[in-house]
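Residue-level structural notes
The primary structure of each chain is shown beneath.
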Number of protein chains: 2
Amino acid sequence: VVLPERDVVLEERRSRVDSDPAAYLREMMDAALYLNHPYRIPVIGWEHEIARLTTADAIGFYKSWYGPDNAVLAISGDVTAAEVRPLAERYYGVIPPVGAKDRVRVEEPTHYAARRIELRHRRVRQPSVTIEYLAPSYARGASEHAYALEVLSEVMGGAATSRLYRGLVVEEGVASSAGAFYSPDELDLTQFGFYGSPLPGGDVAEVEAAIRAEIARVLEAGVSDEEVERAKQRMMASVVYALDSVSAPARIFGSALTSGRTIEDVEAWPERIGAVTAEQVNAAARAVLVDRNSVTGLLLPDSTS
Amino acid sequence: VVLPERDVVLEERRSRVDSDPAAYLREMMDAALYLNHPYRIPVIGWEHEIARLTTADAIGFYKSWYGPDNAVLAISGDVTAAEVRPLAERYYGVIPPVGAKDRVRVEEPTHYAARRIELRHRRVRQPSVTIEYLAPSYARGASEHAYALEVLSEVMGGAATSRLYRGLVVEEGVASSAGAFYSPDELDLTQFGFYGSPLPGGDVAEVEAAIRAEIARVLEAGVSDEEVERAKQRMMASVVYALDSVSAPARIFGSALTSGRTIEDVEAWPERIGAVTAEQVNAAARAVLVDRNSVTGLLLPDSTS
C-alpha cells in the first residue's frame, strides 16, 4: 500500500518544511553549499518529486537496498552476542541478499566564491545568521583534520564558556544565542558552521559581524593549549553521558558502520580526541575556514511577504 | 584514441575557465540558480570528472547517443532537398540507429530565497554585476510568456535606445555597459537576466542599484505600447540580417528541432513576436522577475588574492 504512505511523506514534508521558514533556508543553503554532490538534495526529497513516486518506484528501491547484506543490526542492552545471534539469523537470515551495488560517490569541484542567501518571511520571529563551510568528514576530503575540527567546534561554540557564547552573548551582549556545529560522520564532505541570533529588537548584521570577527581572530591568533584541554575534557564527559543511555551506543556504532568507519574507530575516539594539539586545531581552522567554500544564510522577518 | 582527446578537453577547460574569473562566476551562478536541474553543471564538465573519463565512457556515450535517429541534419545553401537526400541516406543511412531512450527531465523545486555571489579575483579588470532569474523557455515552465519575455529583453536591454543603456550609460552615466539577456530555446527552464559594468574607477554597487531601480520601474509602471512596437521592429530587422547568412538558418532550425520545437514554430516566430502586446510584456515581467527565483553575481577586483 504505497500511495497512502506517499501522502504521509508529503504531509510530513509539509509540516516540517512548509510551516518553518528556517527549514526553507536550510534547504536553500544545502543546495548552495554543494555544487555537485547529492547532499544538496533534501533527504526527504523535493515535494514535486515525492508527489510523482509510484508503487513501482517504492518496490524497486526496496528490492535494490533492503537486504541483510546492506544492513547493520546494532543491539544494545543486557544481552550477549551468543544469545542474539540465533535470533538475528532466524529473523533476518531468511531475507534474500540484494547483492553489492557499484556506488558512484560524486565529488565537489573547486568552489570559486562564497554564496549568500537572505530569506525574508513574515513568519520569522527569531532572526538568525548561519555561516557554514564545506568541510572534511572522517571518510572524505582532508580527513586528517576531522578530530581537530571537532575540538575546534567545541572551543568555538560548544558550551557557555566557548568563544562565541562568551564573546557574543556574555561580553558584547549582541546575541541571545551563538554556537558552532560540525558532524564528521557523513560518508562525503560535511559542514563546519557558526550561528547566532540577535537579542529581541537587535540587529542580525551586528551578530554576523561579531561571528566574523571571532572567525578572523581564530585564524590569526589561533587557539590556546588551555582552551584545547578544556574542550577535550568537556568532549570526554559527553561520551560518558552518552554511554549512560541504552540506545545511544547502538546508534553510534550503527551510524559509524554505515558510513565507512569501524568498531575500532569508534572505540579509539577518546584517544584520538585526546591526542589533538592546539597546533592541529589551528591548522584545521586555516584549512577549512576558507571564504570561497562558504555559504552565509540570513533568516529575517518580512512584513511584506 | 580517447585519452589524448580527454587531455585536449581538459586543456580547453583550463584555457576557457581557469584563465577567466568571469567564467568562474558564471559556473558559480549556474550552480546557484538551478537547485535540482543539471543545467547547474557546466556543459564541458567539472575538471575532476573530465580527468577521470575513460575510453569505455567515451565509447558508451557514443553508442548511446550518436545515431542518425538521434540527430538532426540541417543543410543550408544553394541546393534542393531532392539533391541532398540521396547523399544523406548514403552517408548517414548506413549508421545503425541507437534506439529511443527514456529521458528523465528533472524539474526545479520551489525557490525560497534569492542568492548572491561576490567573486573577488586579482585578474578582474572590469567589475560587473549580473542579476538573473529562473525563467520559462519555449518548451518548459510558463511558456506562454516566452515571446513576451523576448520583447521585454529587447525593451530593457537590446539596443542603445533600450532602458538600461539609455538610463545607466547615457543619462545617469554610472555604467560603461548595461543590457539584458534571455534565450528561450533551452529544453528546460532558462534564465532572464540583466548586467552592467561601472565606468573605470566607478562603483559596481551604483550600477547594481540602478539596474534594480529599472527592474522596480518596469514592474511598477510597465512598458509602453510605443516601446514594444520599436522593440518588435528591431527584432524583425535582426531576423532579416540572420537570413543573410548561409549558416545561421541551418543553426536556427537545427537548434529548434533538437529542443522540442518544430519548423512551423520557427517560421511563425515573426508573427508570434508581432502579436505580443505591452500588457503581455508586463504580465511576463511580473511573473518572472521574482526576487526569490534570482541569483545576483558580482565580479570584483581583489588585490589580496
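Structure: above.
Residues numbered from 1 in each chain as written. Chains lettered and ligands numbered in written order. Predicted model: local features only at pLDDT ≥ 70, side-chain atom pairs only at ≥ 80, totals over all residues. Heavy atoms only, no water.

1. Considering the overall build of chain A
Tallying secondary structure elements over chain A gives 13 helices and five strands in all. Counting over 305 residues, chain A shows a buried share of 42%. At a minimum sequence separation of 6, the contacts of chain A that also span at least 24 residues come to 79%. When the accessible surface of chain A is split by element, carbon and sulfur atoms take 55% of a total near 16000 Å². (Helix = DSSP H or I, 4+ residues; strand = E, 2+ residues; numbered from the N terminus. Buried < 20%, exposed > 50% of the residue type's maximum accessible area, 1.4 Å probe, protein only. Contact = heavy atoms within 4.5 Å. Areas by Shrake-Rupley, 256 points an atom, 1.4 Å probe, with all protein chains shown as cover.)

2. Focus: the interface of chain A and chain B
Between chain A and chain B, the contact holds 29 residues from the first and 29 residues from the second. Summed over both partners, the interface of chain A with chain B buries about 2300 Å², with 58% contributed by carbon and sulfur atoms. Among the residues of chain A in contact with chain B, A:Met28, A:Leu35 and A:Tyr112 are the three that bury the most area, contributing 29% of the side total. For the interface between chain A and chain B, the tally reads two salt bridges. Here chain A is connected to chain B by 11 residue pairs in polar contact (both at pLDDT 80 or more). Of all the elements in the fold, those that place two or more residues in the side of chain A that touches chain B are α1 (3–18), α2 (21–33), α3 (47–50) and β1 (115–121) of chain A. (Buried area = accessible area lost by both parts, 1.4 Å probe. Salt bridge = Lys/Arg side-chain N within 4 Å of Asp/Glu carboxyl O. Polar contact = N/O pair within 3.5 Å; in protein donor to acceptor, adjacent residues only side chain to side chain.)

3. What about the packing of helix α6 (residues 146–157) of chain A against helix α13 (residues 278–288) of chain A?
Residues and elements named next belong to chain A. Taken N-terminus to C-terminus, the directions of α6 and α13 make an angle of 90°; their axes are 8 Å apart at the nearest point. On the basis of their axis angle, the class for α6 and α13 is roughly perpendicular. Seen from α6, the contacting residues are Ala148, Leu149, Val151 and Leu152; seen from α13, they are Gln280, Val281, Ala284, Ala285 and Val288. Broken down by class, the residue content of the contact of α6 with α13 amounts to eight nonpolar, one polar and no charged. (Axes fitted to C-alpha atoms, helices over the stretch in contact; angles between N-to-C directions. Parallel < 35°, antiparallel > 145°, perpendicular 65-115°, else oblique. Nonpolar A, V, L, I, M, F, W, Y, C, P; charged D, E, K, R; others polar.)

4. With respect to the pattern of salt bridges
Counted by the stated rule, this structure contains 46 salt bridges over all chains. Salt-bridge contacts for A:Arg14 lead to A:Glu11; the nearest nitrogen and oxygen are separated by 3.8 Å. With a gap of three residues between them, A:Arg14 and A:Glu11 both fall in helix α1, about one helical turn apart. The exposure class assigned to A:Glu11 is partly exposed, which follows from its relative accessible area of 44%. The residue B:Glu226 makes a salt bridge to B:Arg230 at a minimum N-O spacing of 2.8 Å. Here B:Glu226 pairs with B:Arg230, and both are found in helix α9 (residues 225–244), just four residues apart, close to one helical turn. Exposure remark for B:Arg230: the relative accessible area of 34% places this residue in the partly exposed category. Within this structure, A:Arg52, B:Arg105, B:Glu107, B:Arg140 and B:Asp188 form a network of salt bridges that share partners.

5. As for the relation of the copies chain A and chain B
Each copy of the sequence occupies a distinct position, and chain A is placed on chain B by a rotation of 180° and an axial shift of 0.0 Å, giving an RMSD of 0.0 Å. The superposition operator between the copies reduces to a two-fold rotation axis. Nearest to the rotation axis, the C-alpha of A:Arg116 is located 2.4 Å from it, this being the minimum over chain A. A shared interface surface links the copies, since 100% of the contact residues of chain A are contact residues in chain B too. (Least-squares fit on C-alpha atoms with pLDDT ≥ 70 in both.)

6. Considerations on the sheet that holds β1(A)
Read across the open sheet, the 10 strands follow the order β3(A)-β4(A)-β2(A)-β5(A)-β1(A)-β1(B)-β5(B)-β2(B)-β4(B)-β3(B); overall the sheet is mixed. Edge positions in the sheet fall to β3 (175–182) of chain A together with β3 (175–182) of chain B, since each of these pairs with one other strand and no more. On average, each strand axis in the sheet is tilted by 15° relative to the strand beside it, whichever way the strands run. One ladder, built from six bridges, connects strand β2 (residues 128–135) of chain A with strand β5 (residues 294–301) of chain A; its direction is antiparallel. Looking at the pairing, A:Val129 lines up with A:Leu298 of β5(A). Contacting β1, β2, β4 (190–198) and β5 of chain A together with β1 (115–121) of chain B, α2(A) runs over the sheet at an angle of about 165° to β1(A). Of the strands in this sheet, β3 and β4 of chain A touch helix α7 (residues 163–171) of chain A, which is tilted by about 165° from β3(A). (Pairing = 2+ DSSP bridges.)

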